[in-house]
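Residues per chain, in single letters:
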Amino acid sequence: MDMSKATPADQNPVCRGPRVAIVAAMEREVAPLIRGWKVREIEHSGRRYRLFESDGAEKADAVLICAGIGADAARRATEAVIQETRPGRVLSVGFAGALDPTVKVGDVLEPRVVVNAADGVRTDTGSGQGTLVSYAAVADRDQKQRLGIAYASVAVDMEAAAVAQGALARGVEFAALKAISDAADFSMPPMERFISTDGKFRSAEFAFHISLRPWFWGRTIRLARNSARASRSLCAAIKEYIGRETFAAELNPK
């Protein structure tokens, strides 16, 4: 091996990768989780990422990378975190919209199947239940209804299918955890135009746009409250997931 091109995990043969590499879209989704985690910058294909690492005795049990919004951003970040850390599993996390009216804000879904609405490719995660569909845009109320019927899915996100593709292409196990931030009958405020090509959400521009349109204020405030609730639920679920995986690894060391 050419050690000049090796990653940190390659250079130290004793250093194993983390059990779980978490791919989120935005830091605000996982802020309660990563508070106190170590953070460093990494670079991949000309892009820089903040990599958060949990504390562990010999190595981090988990690392987390924030990809940005959308499939392309998620795929690039998945490649970056796999190359940098050599994880045992990649976990796609974040917010999702409910497609099933019985699914409520703050519920957390660990889907058994993730389907890509762009090409119909389905990924079986091997655990969990229900179907999550990944769609290329922020789904409004009518689109949610159509997606729920077309894919028999309970929730929709924008990134999980791309993370699955990136992980499985490199022989890494994949799973997902998604917290519901908007109910099936909720009409999203206009957010799509404020997502940049690199997956960043232009918060200041969005806030200014909404400030001039009072008819969106109620929905935006409600979404902010729902998102805070979803973040708390998501972070609790991720902590439980990491603990479960760590316990299983200790019982069955390889």
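Shown above is the structure to which this text applies.
The sections below set out a description of the structure shown in this document. Keep in mind it's a predicted model, so treat the numbers as computed, not measured.

1. Examining the overall build of the protein chain
Then step 1. Helices and strands together make up the secondary structure of the protein chain, namely seven helices and 11 strands.
Then step 2. Residues counted as buried form 51% of the 254 residues belonging to the protein chain.
Then step 3. In the structure as shown, the protein chain presents an accessible area of about 12,700 Å², 52% of it carried by carbon and sulfur atoms.

2. Quick word on the pairing of strand β11 (residues 173-182)
Then step 1. Along β11, nine of the 10 residues are buried, which leaves the element largely enclosed by surrounding structure.
Then step 2. In terms of strand pairing, strand β5 (residues 89-98) meets β11 through nine bridges, oriented parallel. The residue bridging valine 93 from the neighbouring strand is leucine 177, located in β11.
Then step 3. Inspection of the sheet shows strand β6 (residues 108-109) paired to β11 by two bridges, in the antiparallel sense. Directly across from leucine 109, in β11, lies its bridge partner lysine 178.

3. Some points on the pairing of strand β3 (residues 47-53)
Then step 1. Inspection of the sheet shows strand β2 (residues 38-44) paired to β3 by seven bridges, in the antiparallel sense. Pairing of glutamate 43 across the sheet is with arginine 48, part of β3.
Then step 2. Two successive antiparallel strands, β2 and β3, enclose a turn made up of two residues, where serine 45 displays a positive phi of approximately 50 degrees.
Then step 3. Here β3 runs beside strand β4 (residues 62-66); their pairing, made up of three bridges, is antiparallel. The partner of leucine 51 across the bridge, within β4, is isoleucine 65.

4. Description of the nonpolar core
Then step 1. If you look at the biggest cluster of nonpolar residues, it comprises 32 residues, and the most contacted ones within it are Val23, Ile65, Val81, Val90, Leu132 and Phe174.
Then step 2. Elements with a minimum of two residues in this core: β1 (20-24), β3, β4, α3 (71-85), β5, α5 (160-168) and β11.
Then step 3. The biggest single contributor to this core is α5, with six residues.
Then step 4. Apart from residues no more than four positions distant in its own chain, phenylalanine 174 is found in contact with Arg89, Val90, Ser92, Val114, Thr123, Thr125, Ala160, Val163, Ala164, Ala167 and Leu168.

Conventions adopted
- Residues numbered from 1 in each chain as written.
- Predicted model: local features only at pLDDT ≥ 70, side-chain atom pairs only at ≥ 80, totals over all residues.
- Heavy atoms only, no water.
- Helix = DSSP H or I, 4+ residues; strand = E, 2+ residues; numbered from the N terminus.
- Buried < 20%, exposed > 50% of the residue type's maximum accessible area, 1.4 Å probe, protein only.
- Areas by Shrake-Rupley, 256 points an atom, 1.4 Å probe, with all protein chains shown as cover.
- Pairing = 2+ DSSP bridges.
- Core = buried A, V, L, I, M, F, W, Y, C linked by side-chain atoms within 4.5 Å.
- Contact = heavy atoms within 4.5 Å.

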